[in-house]
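A structural walkthrough
Spelled out from the first residue to the last, the chains are:
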Amino acid sequence: MRAPGGEGIGAEAYAGVLGVFEAVTPVVQPVPPDTVLLDLRGALRYFGRDTAELAALIRVRALALYGVECTVGGAGNPMLARMALRAAVPGGTLIIDQDEASVREFLDRKPAVALDGIGSGTARTLCRYGLDTVGRIAAAPPATLRRILGPRAGRELHERATGIDRTPVRPGAAARALAGERSFDRDELDPVRHRRALLSLTEELGATLRARGRVCRSLTLTVRCADRTAVTRTRSFPEATAHSAALTDAAYALYAALGLQRARVRAVSLRAEDLTPAERASRQLSLDPEDDRARRLEAVTDRIRGRFGPAAISRGSLAA
């Protein structure tokens, strides 16, 4: 579920809506800044209602108590639910039936990047083999996918293309993601201001990840437009990172890939996902002196911010 609209919702309203959800099911996974995953299997039996009826109940309570109008995507697993959420009309509900035919019909013509874990690089590799849609990926022999992407990635891709996601909803698992959002005072047309907001977010996310001793394996960009629509794209990193420059490059690439033409943007948000402890991550040694210099400078600025506060030092390009 997501609160629609570019301006997002405040932290207090978000916490209140979480309470509404928890009154229906104890299996609630927050995905800040504005999304929540729910496991309704127990609630369906307890309340004796179907998914659409429970979704309507939750939407009415969230709107009545906190003024939050929710968009709902429902399905048999988290991946399909997220895809249904992205396909739903803002402020509406889209439920994917769990039978195989309904899942196949929903997925068939979706682009490869619509699947979890498929970034632009992997999508380009698949497209070279003619596997540009989820339907074509699902129809490909699993052995072919394993040869293209490797044993584990190929197996997982085939499962996802056929609608299988074994990831559980983890109550209170928000710590596996870190998110931030920048809203504009007015609907913003200037791509320079869009990129400046993204730079501000990647600097903030990178500093927070490093302070917490975490690295992320993927980055998700959401752009919310003035017409209440939102577009979301995800990019996976070759290696887990908390390096602000790597986050910035990924955010800029995601933004450029959207091809926004004079779009009236209300807000942009970034979410660093699949967080793991930094000490468990491997990093390929670089012979680039500029990269080494940037990382040393990053460590110095982190120490300055840790001592004097987050506003003690910032990039000149962020000065308005």
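Residues numbered from 1 in each chain as written. Predicted model: local features only at pLDDT ≥ 70, side-chain atom pairs only at ≥ 80, totals over all residues. Heavy atoms only, no water.

Concerning the pattern of salt bridges
Applying the stated rule across the entire model yields 12 salt bridges. The shortest N-O distance in the salt bridge between Asp116 and Arg82 comes to 2.3 Å. Taken together, the residues span a long stretch of sequence, with Asp116 in the loop between helix H5 (100–107) and helix H6 (120–128) and Arg82 in helix H4 (residues 78–87) at a distance of 34 residues. When the shortest N-O distance is used, the salt bridge between Glu273 and Arg271 registers 2.7 Å. (Salt bridge = Lys/Arg side-chain N within 4 Å of Asp/Glu carboxyl O. Helix = DSSP H or I, 4+ residues; strand = E, 2+ residues; numbered from the N terminus.)

Things to note about the confidence of the model for the chain
Predicted confidence across the chain gives a mean pLDDT of 84, with 83% of residues reaching 70 or more. Considering each helix and strand of the chain separately, the mean pLDDT is smallest for helix H12 (residues 289–308), with a value of 66, and largest for helix H7 (residues 134–139), with 96. (pLDDT = per-residue confidence, 0-100.)

Thoughts on the layout of surface pockets
Space inside the second largest pocket adds up to approximately 610 Å³. As for the second largest pocket, its lining consists of 29 residues, and the residues nearest its centre are Leu38, Leu40, Ala75, Gly76 and Asn77. Counting only elements with at least two residues in the lining of the second largest pocket, the list comes to strand E2 (35–38), helix H2 (41–47), strand E3 (72–74) and H4. Class assignment of the residues belonging to the lining of the second largest pocket gives a composition of 15 nonpolar, 8 polar and 6 charged. (1 Å grid on protein atoms, 1.4 Å probe; cavity = no way out; pocket = protein on both sides within 12 Å on 5 of 7 lines; lining within 4 Å. Points joined across faces, edges and corners; volume = space filled by probe spheres on them. Nonpolar A, V, L, I, M, F, W, Y, C, P; charged D, E, K, R; others polar.)

Observations regarding the packing of aromatic side chains
Within this structure, the stated rule accounts for 1 aromatic pair. Relative to Phe47, the ring of Tyr46 lies with its centre 5.0 Å away and its plane at 85 degrees, an arrangement referred to as edge-to-face. (Phe/Tyr/Trp six-rings, centres within 6.5 Å; stacked < 30°, edge-to-face > 60°.)

What about unusual backbone geometry?
Phi is positive for Asp274, which is not a glycine, with a value near 55 degrees. Relative to the helices and strands, Asp274 resides in the loop between strand E8 (265–273) and strand E9 (276–277). The exposure class assigned to Asp274 is partly exposed, which follows from its relative accessible area of 29%. (Buried < 20%, exposed > 50% of the residue type's maximum accessible area, 1.4 Å probe, protein only.)

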